[in-house]
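Residue-level structure breakdown
Each chain is listed here by its residues.
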Amino acid sequence: MDTNHQEKVLRDRWHELTARLRKIDTDLGRTRAADDEDRAIESENDEVLEGLGQAGEDELRAIDAALERIAKGTYGICARCGARISEARLAVLPQTPLCEDCAAGK
Ligand SMILES: [Zn+2]
């Protein structure tokens, strides 16, 4: 397991997410439209943005936890059953704390 590479992937993703979340906050903080119709559309957009923001924050937390596991040397080991997480799975989901079986609820 090349944790240096995984760390770089995770850090890049972290920066990308942080930039995106900052933009969402800016969009949500903009001045409200005075017109009622515009306001309805805007609040719909805000819900979508807030949903994206929530998903992004959950992912950020997962990435932080993964970086911590790299630092502790426990990266790539399932947090639930202790099995080694396959490299193929980590390549797709570098921040995952669970092996395939545990993630599937087995
Ligand atoms: Zn497991």
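Residues numbered from 1 in each chain as written. Predicted model: local features only at pLDDT ≥ 70, side-chain atom pairs only at ≥ 80, totals over all residues. Heavy atoms only, no water.

**Section: the coordination of the zinc ion**
- For the zinc ion, the full set of protein donor atoms is Cys 78 (SG), Cys 81 (SG), Cys 99 (SG) and Cys 102 (SG), and the range of their distances to it is 2.2 to 2.4 Å.
- Classification of the site at the zinc ion rests on its 4 donor atoms, whose angles at the metal span 106 to 115°, yielding the label tetrahedral.
- One chain supplies every donor for the zinc ion, spaced along it as C-x2-C-x17-C-x2-C. One end of the pair, Cys 78, is in the loop between α2 (36–72) and α3 (87–92); the other, Cys 99, is in the loop between α3 and α4 (100–103), with 21 residues separating them in the sequence.
- Given a relative accessible area of 4%, Cys 78 falls into the buried group.
- Judged by relative accessible area, Cys 99 falls into the buried class, the value being 8%. (Donors = N, O, S within 2.8 Å, 3.2 Å for Na, K, Ca; no water. Tetrahedral: all angles 85-135°; square planar, octahedral: opposite > 155°, others 65-115°. Helix = DSSP H or I, 4+ residues; strand = E, 2+ residues; numbered from the N terminus. Buried < 20%, exposed > 50% of the residue type's maximum accessible area, 1.4 Å probe, protein only.)

**Details of the pattern of salt bridges**
- Throughout the structure, instances matching the rule amount to 8 salt bridges.
- One salt bridge connects Asp 12 with Lys 8, and the closest N-O pair in it is separated by 2.7 Å. With Asp 12 and Lys 8 both in helix α1 (residues 3–28) and 4 residues apart, this pair spans about one turn of that helix.
- Classification of Asp 12 as partly exposed rests on a relative accessible area of 41%. (Salt bridge = Lys/Arg side-chain N within 4 Å of Asp/Glu carboxyl O.)

**Describing α1**
- Taking 1.5 Å of rise per residue, the 26 residues of α1 would be expected to cover 38 Å, and the 36 Å separating its terminal C-alpha atoms lies within 8% of that figure.
- Every buried residue belonging to α1 is among Gln 6, Leu 10, Leu 17, Thr 18, Leu 21, Ile 24 and Leu 28, and all of these are buried.
- Buried residues belonging to α1 abut α2 and α3.
- By the N-cap criterion, in which a side-chain oxygen at the helix start approaches the backbone nitrogen of a residue two or three places on, α1 is capped by Asp 2, the distance to Asn 4 being 3.2 Å. (Expected span 1.5 Å × (residues − 1). Contact = heavy atoms within 4.5 Å. Polar contact = N/O pair within 3.5 Å; in protein donor to acceptor, adjacent residues only side chain to side chain.)

**Notes on the packing of α1 against α2**
- Between α1 and α2, the shortest axis-to-axis distance is 9 Å and the interhelical angle comes to 155°. Classified by the angle between their axes, α1 and α2 sit roughly antiparallel to one another. The element α1 and its partner α2 pack so that their crossing is left-handed.
- For the contact of α1 with α2, the per-class residue count stands at 13 nonpolar, 5 polar and 9 charged. (Axes fitted to C-alpha atoms, helices over the stretch in contact; angles between N-to-C directions. Parallel < 35°, antiparallel > 145°, perpendicular 65-115°, else oblique. Left-handed = near helix turned anticlockwise from the far one by under 90°. Nonpolar A, V, L, I, M, F, W, Y, C, P; charged D, E, K, R; others polar.)

**Description of the side chain of Arg 89**
- One can find Arg 89 in helix α3.
- At 4.8 Å, Glu 100 is the nearest oppositely charged side chain to Arg 89, a buried residue that forms no salt bridge.
- Among all residues touching Arg 89, those that are not within four sequence positions of it are Thr 96, Leu 98, Cys 99, Glu 100 and Ala 103. (Lys, Arg positive; Asp, Glu negative; His and termini not counted.)

**Brief notes about the confidence of the model for the protein chain**
- Counting all residues, the mean pLDDT for the protein chain is 90, and 94% of those residues have values of 70 or more.
- Least confident of the elements in the protein chain is α2, whose mean pLDDT is 88; most confident is α4, at 96. (pLDDT = per-residue confidence, 0-100.)

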